[in-house]
Amino acid sequence: MKLVFRSIPAFLALVVLGAHFYRAGLLPLVVLCLLALGLLFVRKAWATWTLRAMLVAGAFEWLRTAQRIAAFREQAGQPATRMWVILGSVAAFTALAAWVMPGASRGSRTPSA
């Protein structure tokens, strides 16, 4: 049950990231986010590392998007502080989802004496 709760942030982060790509018209990236949701059920190390890499890349995508919007707002003479807080929080949540995501079951690894 604990594994399910630790997977919820990754699930939410991937859904929000997919919605972001959908709004931008990047359908291949939407499909990639949807396929990545299936990796939440794969208990292999490669799946865990793939998801973590995607979530970290997603956090950087949110920061890149914030920078682009901030430049646009600056050019228009509008404040960007609230936008930075919102998208910075989304980026932090996405990065946190990568950190708390459960790893693959590795069995017991005890050092031999």
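Above this text sits the structure in question.
Reading the values: the criteria
Residues numbered from 1 in each chain as written. Predicted model: local features only at pLDDT ≥ 70, side-chain atom pairs only at ≥ 80, totals over all residues. Heavy atoms only, no water. Helix = DSSP H or I, 4+ residues; strand = E, 2+ residues; numbered from the N terminus. Buried < 20%, exposed > 50% of the residue type's maximum accessible area, 1.4 Å probe, protein only. Contact = heavy atoms within 4.5 Å. Salt bridge = Lys/Arg side-chain N within 4 Å of Asp/Glu carboxyl O. Expected span 1.5 Å × (residues − 1). Arc of directions from axis to C-beta. Patch = residues over 30% accessible without salt bridge, like charges linked within 9 Å, V, L, I, M, F, W, Y side chains within 5 Å. Areas by Shrake-Rupley, 256 points an atom, 1.4 Å probe, with all protein chains shown as cover. Polar contact = N/O pair within 3.5 Å; in protein donor to acceptor, adjacent residues only side chain to side chain. Core = buried A, V, L, I, M, F, W, Y, C linked by side-chain atoms within 4.5 Å.

The next point concerns the overall build of the chain. Secondary structure assignment for the chain yields four helices and zero strands. Going from the N terminus to the C terminus, the chain shows its helices and strands as α-α-α-α. With 113 residues in all, the chain has 34% of them scored as buried. Contacts spanning at least 24 positions in sequence make up 66% of the contacts within the chain whose residues lie at least 6 apart.

Counting across every chain of the model gives one salt bridge. Across the pair Glu 61 and Arg 64 runs a salt bridge, and its minimum N-O distance is 3.0 Å. Taken together, the positions of Glu 61 and Arg 64, both in helix H3 (residues 45-75) and three residues apart, correspond to about one turn of that helix.

A few words on helix H2 (residues 27-39). Taking 1.5 Å as the rise per residue, H2 with 13 residues should run 18 Å; its terminal C-alpha atoms sit 19 Å apart, in good agreement. Buried within H2 are the following residues: Val 30, Cys 33, Ala 36, Leu 37 and Leu 39. The buried residues of H2 occupy one face: seen down the axis, they fall within an arc of 155°. The outward face of H2, more than 90 degrees from its buried face, is lined by the exposed residues Pro 28, Leu 34 and Leu 35.

On the surface, a nonpolar cluster with roughly 610 Å² of combined accessible area is contributed by Val 4, Phe 5, Ile 8, Phe 11, Leu 12, Val 15 and Phe 93. Here the element with the most residues in the nonpolar patch is helix H1 (residues 2-23); it accounts for six residues. Counting through the fold element by element, Phe 93 comes out in helix H4 (residues 81-100).

Structurally, Thr 65 is set in helix H3. Beyond its immediate sequence surroundings of up to four residues, Thr 65 is in contact with His 20 and Leu 87.

This brings us to the environment of Thr 94. Along the chain, the position of Thr 94 falls in helix H4. It is 9.3 Å that separates the C-alpha atoms of Thr 94 and Val 16, two residues lying 78 residues apart in sequence. Setting aside residues no more than four positions away along its own chain, Thr 94 makes contact with Ala 13, Leu 55, Gly 58, Ala 59 and Trp 62. Side-chain polar atoms of Thr 94 contact the backbone oxygen of Val 90, separated by 2.8 Å.

This next bit is on the nonpolar core. Residues Ala 10, Leu 14, Leu 40, Leu 51, Leu 55 and Met 101 are the most contacted members of the largest nonpolar core, which totals 14 residues. Secondary-structure elements contributing two or more residues to this core are H1, H2, H3 and H4. Sort the elements by how many residues they give to this core and H3 lands first, with four residues. Leaving out residues up to four positions away in the same chain, Ala 10 has contacts with Leu 40, Leu 55, Ala 97 and Met 101. Among the nonpolar cores identified, the runner-up in size contains eleven residues, and Phe 21, Cys 33, Ala 66 and Met 83 belong to it.

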